[in-house]
Amino acid sequence: MVASNKLNANKEECGRITQTRTDPNWGCSPRRIKNSGWFEGRKYTAGRLSLGQETDQQFYVYDATLMVIKGHCDHDKISSALAEEGLTPIRTTDGRAFVSIWLNIIRDSVCGAYHEIVISIDATQSGEKSEIDISSKSNPYRHLYNNFGSSVCKCQFMHSLYINSPNSIAWGREMQAFPKHTDPVISLVEDNHDCFKTNIQWQEDLILKASVRKQFGPAQFAKQGLGLVSGNGPFRMLKFLTNKQISMPIQMPLKIAQQYDLPFQYMAVTRKGLNPNAVQCWPWGNGDMLELGNVVRESGSEANNGHDLIRQADFTPTVVTYLPFMQAYIGDA
């Protein structure tokens, strides 16, 4: 059954009032959302979780903050992990694979409010060109190559997600085959004035811990702009700055998609607007900290203890991307 594409008429510009969004434990009180017109006209299909709540099958987030730590890992280890997915990780000139850690504070979404840690891998289909003319030691802004137009990277493979909300875990797995680990985490995710902090655990067992200093100010802004232009070219940067949204193909593990009889390929669209401060980037600093745990837990059909995989694969952070206010929609590829 296809739900109305119009936002709920009873709560003007308050978004879609689904049960999963307004769940008393993990939801949000309906309130006026920003940029409501950006969400109108998109596809919305009614669904229901095994937990009982009515929902939409498409993912949308009305209010979030995220920080992405991008770095590189041993290519062979990452390649082995992707082999059964029919994917090949992007390979640098010195034999490394690009991996991202997403630290997300979700305040209002189709499945309520929660913390989310994502581990994704730059990838392409097996047999296609996967080498890129970038070294792991090159200008770190070049490592953001796939954000500024077409590239050898054809998708972000979603390897693992760690969530503190059972509601979000059920929604992710049952509606779009996201590999959200079935065990909820204990999470601390703080967007402070001068730093971004994260501590994710299963009871006393560490999954991931990070502290990233923010690099703001006019001098830093100019330095970051020059780094982005020199790393990605003025025309690609101009196109990025004049686009109001960013599109990114994403792919889920085949086993979880088969388990729930769902597609495994989707298109994620993020609204950034035209404010140059909407997306901020800077190199990983000497005072920044990242610790990956070695605890492993089974989650069902797919292997999604990505923190342990990239720990073993020598994950090395290089560049940070920060979106203080983010909105997104994920639908059909």
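You'll find the structure just up there.
These numbers come from a predicted model, not from an experiment. (Residues numbered from 1 in each chain as written. Predicted model: local features only at pLDDT ≥ 70, side-chain atom pairs only at ≥ 80, totals over all residues. Heavy atoms only, no water.)

### Some remarks on the sheet that holds strand 14 (residues 289–292)
Then comes step 1: Taken in spatial order, the four strands line up as 8-9-10-14 in an open sheet, and their pairing is antiparallel. Since the sheet does not close on itself, it has two edges, and those belong to strand 8 (186–191) and strand 14, each with one partner. Averaged over neighbouring strand pairs, the angle between their axes works out to 5 degrees when direction is ignored.
Then comes step 2: Of the strand pairs in this sheet, strand 9 (residues 195–202) and strand 10 (residues 205–213) are connected by eight bridges, and their pairing is antiparallel. (Pairing = 2+ DSSP bridges. Helix = DSSP H or I, 4+ residues; strand = E, 2+ residues; numbered from the N terminus. Axes fitted to C-alpha atoms, helices over the stretch in contact; angles between N-to-C directions.)

### Remarks on helix 2 (residues 75–82)
Then comes step 1: Taken as a whole, helix 2 has its buried residues at His75, Ile78 and Leu82. Across the axial projection of helix 2, the buried residues extend over an arc of 70 degrees, all falling on one side. Relative to its buried face, helix 2 has exposed residues pointing more than 90 degrees away, namely Asp76 and Ser80.
Then comes step 2: In this fold, the buried residues of helix 2 make contact with strand 3 (59–74), strand 4 (87–89), strand 5 (96–109), strand 6 (114–125), strand 7 (155–163) and helix 7 (306–312). (Buried < 20%, exposed > 50% of the residue type's maximum accessible area, 1.4 Å probe, protein only. Arc of directions from axis to C-beta. Contact = heavy atoms within 4.5 Å.)

### So, empty space enclosed by the protein
Then comes step 1: Enumeration over the complete set of coordinates arrives at one cavity of 30 Å³ or more.
Then comes step 2: What lines the largest cavity is a set of 36 residues, and nearest its centre among them are Leu66, Val68, Trp102, Met248 and Thr270.
Then comes step 3: Element by element, the count of residues in the lining of the largest cavity is highest for strand 15 (residues 316–332), at six residues.
Then comes step 4: Of the residues contributing to the lining of the largest cavity, the split by class is 25 nonpolar, seven polar and four charged. (1 Å grid on protein atoms, 1.4 Å probe; cavity = no way out; pocket = protein on both sides within 12 Å on 5 of 7 lines; lining within 4 Å. Points joined across faces, edges and corners; volume = space filled by probe spheres on them. Nonpolar A, V, L, I, M, F, W, Y, C, P; charged D, E, K, R; others polar.)

### Overview of the nonpolar core
Then comes step 1: Core analysis: the biggest nonpolar cluster contains 87 residues, and Ile78, Ile101, Ile250 and Ile310 have the highest contact counts within it.
Then comes step 2: A per-element tally of this core places strand 3 first, with ten residues.
Then comes step 3: With residues near it in sequence (within four places) discarded, Ile250 still touches Gln156, Met158, Phe178, Phe264, Gln265, Tyr266, Ala268 and Ile330.
Then comes step 4: Counting residues in each nonpolar core, the second largest holds seven residues, with Ile90, Ile132, Ile134 and Tyr145 among its members. (Core = buried A, V, L, I, M, F, W, Y, C linked by side-chain atoms within 4.5 Å.)

### Some details on the side chain of Ser151
Then comes step 1: Within the secondary structure layout, Ser151 lies in the loop between strand 6 and strand 7.
Then comes step 2: At a separation of 3.2 Å, a polar atom in the side chain of Ser151 contacts the main-chain amide nitrogen of Cys153.
Then comes step 3: If we skip the residues at most four places from it in the chain, Ser151 touches Tyr145 and Asn146. (Polar contact = N/O pair within 3.5 Å; in protein donor to acceptor, adjacent residues only side chain to side chain.)

### A few points about the pairing of strand 11 (residues 245–251)
Then comes step 1: Where strand 7 lies against strand 11, two bridges are found, and the strand directions are parallel. Within strand 11, the position partnered with Phe157 by the bridge is Gln251.

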